[in-house]
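Below, each chain spelled out in residue letters.
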Amino acid sequence: MVTALLVTHRGARWLPAVLDGLSAQSRPIDRVLAVDTGSTDETLTMLAASPLIEQVLAAPDSTSFSVAVRQGLAEHPCAEPDEWIWLVHDDANPAADALACLLEAADEDPTADVLGPKLREWPSLRRLLELGVTISGTGHRETGLEHGEYDQGQHDTVRHVLAVNTAGMLVRRSVLEKLGGFDDELPLFGNDVDFGWRAARAGHRTIVVPRAVMFHAEAAHRRQRPSTLADEHPRAAERRAAFAERRAALWTLLANGDGRWLPVQAVRLFLGSILRAIGLLLVRDVRTARAEMSALASVYGNPGRLRRARRARQEQATVPSRDVRPLLAPWWLPYRHGLDAATDFFSAVTLQAQDVAERRRAANLAADLGEERPPHRSDSRAEDRGRSEVRSDEESAPAPDNGWVVQLLTSPVALGLSVFLVVVAIATRDVWGAVAGGALPPAPAGVGDWWRLWTEDWHPLESGTNVPAPAYVPVLTLLGGLLGGSAQGAMSVLMVFAFPIALGGAWRLLRVAGHLATPLGAPRWLLGWGAMVYALVPATSGAWGEGRYSVVAATALLPWLAHAALGLVDPNPDRRWRAGWRSGLLLALMTAFAPVAWPLAALLTLVVLLLAIVLGGSSLRQWSVLGPALATLGTAGVLLVPWWLPMIARGHWGGLLLEPGLLPVASLDGVDVLTGRISEYAAPFWPGLVVVVLAMAALIPASTRLPVLVCWLIGLVTAVTALALSLITLPLGGGATRPSLAFLAVVLQGVAVVAVVIAGTASARDLVRGSVPRVTGAVAGLALLVVPVLSLGWFATIAENELAPTGDQGIPAYMEQSSDLGPAHGIVVLEGDLDQGLVYTVRRGDGPTVGEPEIIALTEPDAALTDMLGDLVSRPRPAVAQALADHGIEYVVLSSPADPAVAAVLDTAPDLAQAGTEDRTMRAWQVTRPLSEANLAASNSWTRTALLILQGIALVVVLVLCAPSRKEQR
Amino acid sequence: MTDSTPQGAGHRGVTGRISTVAVLAVLLPVLTATTLALVRPADTDVPAGIAPQTQALTRADVACPTALDDADQVLVASNGRGQVTVRAAGQDSGEPASVPVTPGGVGAVELPEPALITGRDAVAPGLLAVRAGGSPVAAFVCPAPTTEQWFSALGGRFEHSSVIELLNPDQGAAVADLSIHTRDGLVRSSALRGLSVPGRSVRRIDLAEELPRASLMSLEVIVSRGRLSASVADEVGQVGNARPVLDWIPAQAEPAQEVTMLGLVPGDGTRTVVLTNPGEDEISVQVEVVSERSTFAPTGWEEIRVAPGAVTVIPIAGLAQQVRKGALGLQLTSSAPVVAGLRQEVSGDVSHLAPTTAYDGTARTVLPGGPARLVLGGTSGSGETVVTARAANGQRVLRRQLTVGTAKAAEVALPERAASVQVRTDAGAVTGVVVLGGTGHAVLPLVQPAERGEVPALRPALR
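Let us look at the structure shown here. Bear in mind the structure is a predicted one, so any value in this text is a computation, not a measurement. (Residues numbered from 1 in each chain as written. Chains lettered and ligands numbered in written order. Predicted model: local features only at pLDDT ≥ 70, side-chain atom pairs only at ≥ 80, totals over all residues. Heavy atoms only, no water.)

A:Pro664 follows A:Leu663 through a cis peptide bond whose omega is 0°. Each neighbour pair has its own omega, and for A:Ser896 with A:Pro897 the value is -5°, a cis peptide bond. Looking at the element boundaries, A:Pro897 is found in the loop between strand 17 (889–894) and helix 36 (900–907). The backbone of B:Asp121 shows a phi angle near 55°, a positive value even though the residue is not glycine. Inspection of the secondary structure assignment puts B:Asp121 in the loop between strand 7 (115–120) and strand 8 (128–133). (Helix = DSSP H or I, 4+ residues; strand = E, 2+ residues; numbered from the N terminus.)

Pasting the structure below:
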């Protein structure tokens, strides 16, 4: 005998179909009971009207599923010993033969006490939901199915499982009653898993019968059921459901888990829940995080109930825990889920601004009134639709299912990019591992030195200085930390991987730019060309050869920043805001390496806003349009506050625009800026000039002229910035310098490449179709080809550079070792001769390593030390040696070639003993008085700590704000 | 213009839109280029050097070699009044002696050991010391430490040996490299390279032991580390049991193309010109005689050729006759810089001449007293030259005003009481020597002790 027990709760939406399904069963149901838990809709009426239902039991709203089942059964005592109970939800519709198949399976396998059907999604009817469930070690409900997997009969075997869903569960009444029904602690979710687990421990078998099919709307899980409280806010309902789900998971694991491992499991779940909550907070899902923590508190806050539940289960158990374990999810499953989630997250992060062009078009289509068009649009909407079909043919054709090797070899673009990477790897071979030279000082011994430099307020450099460390130091610290603490590795990675990073960034940027300009986007070979030409800018400009690591880093970051900034024109305000935070983060990173980036960004923002006002844009009145742009600038400012605030407060404002690296800064005139020639190591065939000429030619095709003009406008703003910066003199400690224009030259090259690619998107297709004269095509093609090919060839073969694995510090090795002992073991290095005068530098620790030259440059020279050294080279007295020792100077080095006239004076100095040098043209003396570092002692300052904490908080907040929204991930 | 831009039609008017875009397409690149043309490049020139400051010396060091025979007197003079410290080299313990000096006066101390003489503050400018004495007389101007010096006509035989003395006036060790040139060229000897001299001590190198050679040699001393005063004592063993005669060899600061050696002494004996070619090409040297009337090449004096790196020794046969006729010195004109010396073994004594150095304005020396004459070389311009000699207490004993003229020499006999002589000219540079007479002969060059020192300008590097 089969008694169907239908539990309803505001299910009027699905109930008619369910009742039809029940009545249409090929094996008629012997009796159908219904329990309604406080429905306020027509559910009760429908139930009452149904001839199928023997009795309707109206329970109050607060009745849980377990209670409802128990009440339903209590009303109708056991009719015969072999009675089956078929549990049916009001949102689960059985196929016509579902019950017949279940009973058939029960006949075939008499040991089975609990049977479940195959659950398919309702209303899609094709997607699989469940074929039995189990639970993982972290409480995740495991179905063993892919998300949205279609039912193609791939799982159609009867299997022994831990549990089956209560929707469609066929269970022997004797078993159900013996086990005490479902656990009252689990009112809504997870009671099926708990029941299955208890049944398994009590020696009962649960099987899933795929032949029997049930369509389940999962109304509760999907929050589709009208809320219990009529006026409850949907968000509150969502939180409540999330709480119930998570609580059920924790309860089930702790109540049923193996007793021996219980303490471990309890700790693991506790920590896991906290980690989950933090993770949820990081993706701005505060509600779920709160639910997570409430569930944790609810379960762990009441150990007595848990103990009772465990005792009850122990009493029922007949089978040891280890026999049930095979039915639980494997131990590694949570980690795989974690990996999947991380992958999803990162792909979401990288794809954030990807489809901005498509979304803009979609938004424009939706607006459909043709009022204000964004400036990038240049095609009619009809054309849009027509072309997107073409595009899908050309670009989105599914790749043949070959191996990646075949794909690589058959795609000229992939081949070209691979050749690029190989050639770059060859060209940069000398700097793998360690690099210094030119403007690039040697790296410190480890990232610890960088961390100290960043965190300390007072640096034991020169005679002690309070100039804050340059802003890129924490970035390099992080990079070096990821490389196992190797600062040398960080610099090497920076100088080598800047090329592929720039290549990837340029590719992404150009693809979006191409799509913004024309719906078809740029052909892949043109993207490849543009990306390669741009990625080679550090080499062809000579920045790499001269060790201008800041320019190299900024070149790699620029396309990523531009790509993120394109998100500011997204039609979706949420995405605009996120683009603003993201751009701010990248702008901070960029400004850290190229300080002129921020003024340029500010000027660009200003120009764009002014243009918007002049063109009468009404969108500016929306805070979500203006706000993200300002957030970009503000975020960068807040993130860099430990750098610029002390810099200004202590009067070193010259450092705000000082190019990182050793002086002198790159000196560029207008032609250099325009053609991207940063140093004498620039490519001799002026590739930058070719690109700029092409960018001028890019103004010729009329169809893309407007977006190309936008590029030229950016170029003009960059030029104005260059002009303004060239009028500024930056005061340094021991002189003055000018802001470097090298980064602006890179920006111009980048903008020119974008302009060429945009103009090429339409023209290239015309070329391919043959609608452009062949000669023009050949000339343009040759001009395009010559730049990357020549540049690559030149870079890998004859390009010269100043870089070497280690820089020569010009100091005997034993002195370097001695100076490593502490800041008091300083070395004064005198250069020059009697006729031209001497200049001195003070070298401490491992010398001026990356991050320190900027501090030293901004440090006001110690007048007392200058006087003291003046005495030393003119009239050395015993007091001079003592003063040197007090200043923490151990050695005085007269660098090669040492002027004998100067050396002669130093030779007469009392308490200065001659020190050996390998190079006989160099002279050195050791101060024989006891050294003191009293003058160099660092005093810890709370302001620095406060600024660092502020930066850390800002960083976390910005990272959270620019992370993809979790909702979109679902 | 046939712009086919489709969008915008019906909104703002096609022509207006097209013309704006077209104008911008020209305007923006032009504006960009114009703006960039105004950019001026950053000045990355290295800051110009700063010339050294000149100021009165605050410390001066000279070092006198070990006394020869009984020439154990050290004569000291200075521009200022005060105490000059005299310390025996190699003796760290013990207070150094102090010699009082006054302007114009000459102080004296007897110290047979090599002496390190230091003048500080007031007595540093013009510090000058001479070791002189003995019979036959020997004399030597104690040198200040220098980095490079040449000595000619050194001997490496038993009967003629030269001893090099390197004196380190400072606390730290100093290192010198000695290069010996012989008839056959440069001799590379590891024993003479990297010679270390401990602080405030002396190192002697006897060439007869280190580098026995039959012919006369030349020596280049290069101080590679620290400061050293170098001197060479020359000893000629007389045949039989007679006492050897000794004198010091004066130094030449650097090879020069035109050199003048003054101080020929009359008498019978040999006069040998020793020429060293430090270059890498053969050179030819013309020797001329300088007298009170003119400078000329006597008939039959051929050009002398010197092989690269080699030393050529020319006993000049006709020179004795020229000295009798009034020759006061020799002038050598070489095709390339040459190192020269003249060794005169005359009247039972030996003395050495080295090229004189020309000094602007004034030059002077101190002398032990006794018969002496001053030989002045030609001036570079026309003007008066004033010779002043003073006794040891500063009292003037001679004042003579004369005109020397170019390419000539002049001779002034000095009173026996003269302890110092100063020559001042307004006719350009002064060159000259004092030839000491009496028993034997010795030649002391006129020198210009440093009065002012250059102090390098010092500034922090632009970092």
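The discussion continues.
Residue and element names in this part refer to chain A. By secondary structure assignment, the location of alanine 357 is in helix 13 (residues 356–367). Once the C-alpha coordinates of alanine 357 and leucine 689 are considered, the two residues, 332 residues apart in sequence, prove to be 30 Å apart. Apart from the residues within four sequence positions on either side, alanine 357 is in contact with Val512, His515 and Leu516. (Contact = heavy atoms within 4.5 Å.)

Residue and element names in this part refer to chain B. Under the criterion given, the structure shown has one disulfide over all chains. The residue that forms a disulfide with cysteine 64 is cysteine 142, at a sulfur-sulfur distance of 1.8 Å. Taking the torsion about the sulfur-sulfur bond, which here is approximately 110°, the covalent link between cysteine 64 and cysteine 142 counts as right-handed. Of this pair, cysteine 64 sits in strand 2 (residues 59–64) while cysteine 142 sits in the loop between strand 9 (138–141) and strand 10 (148–156), and the two are 78 residues apart along the sequence. Grouping residues by exposure puts cysteine 64 and cysteine 142 together as buried. (Disulfide = S-S within 2.5 Å. Buried < 20%, exposed > 50% of the residue type's maximum accessible area, 1.4 Å probe, protein only.)

Our next topic: the interface of chain A and chain B. Every contact between the two is made by 76 residues of chain A and, on the other side, 55 residues of chain B. Counting each side, the surface lost to burial between chain A and chain B is near 5300 Å², with a carbon and sulfur contribution of 61%. The three residues of chain A that bury the most area against chain B are A:Arg738, A:Leu834 and A:Arg920, which together make up 11% of that side's buried surface. Along the contact surface separating chain A from chain B lie one salt bridge. For A:Arg875, the salt bridge identified is with B:Asp121, shortest N-O distance 2.3 Å. The interface formed by chain A and chain B contains 13 residue pairs in polar contact (both at pLDDT 80 or more). The residue makeup of the side of chain A that touches chain B, split by class, is 39 nonpolar, 20 polar and 17 charged. (Buried area = accessible area lost by both parts, 1.4 Å probe. Salt bridge = Lys/Arg side-chain N within 4 Å of Asp/Glu carboxyl O. Polar contact = N/O pair within 3.5 Å; in protein donor to acceptor, adjacent residues only side chain to side chain. Nonpolar A, V, L, I, M, F, W, Y, C, P; charged D, E, K, R; others polar.)

Attention now moves to the nonpolar core. Residue and element names in this part refer to chain A. Of all hydrophobic cores here, the largest spans 146 residues; its most connected members are Trp450, Met491, Met495, Trp529, Ile678, Phe743 and Phe795. Considering each element in turn, this core owes the most residues, 18 residues, to helix 19 (residues 487–517). Apart from the residues within four sequence positions on either side, isoleucine 678 is in contact with Ser541, Ala543, Glu546, Arg548, Val551, Ala666, Leu668, Ala742, Ala745 and Val746. In this structure, Leu6, Ile53, Leu170 and Phe215 belong to the second largest nonpolar core, which totals 40 residues. (Core = buried A, V, L, I, M, F, W, Y, C linked by side-chain atoms within 4.5 Å.)

These figures come from the coordinates and say nothing about function on their own.
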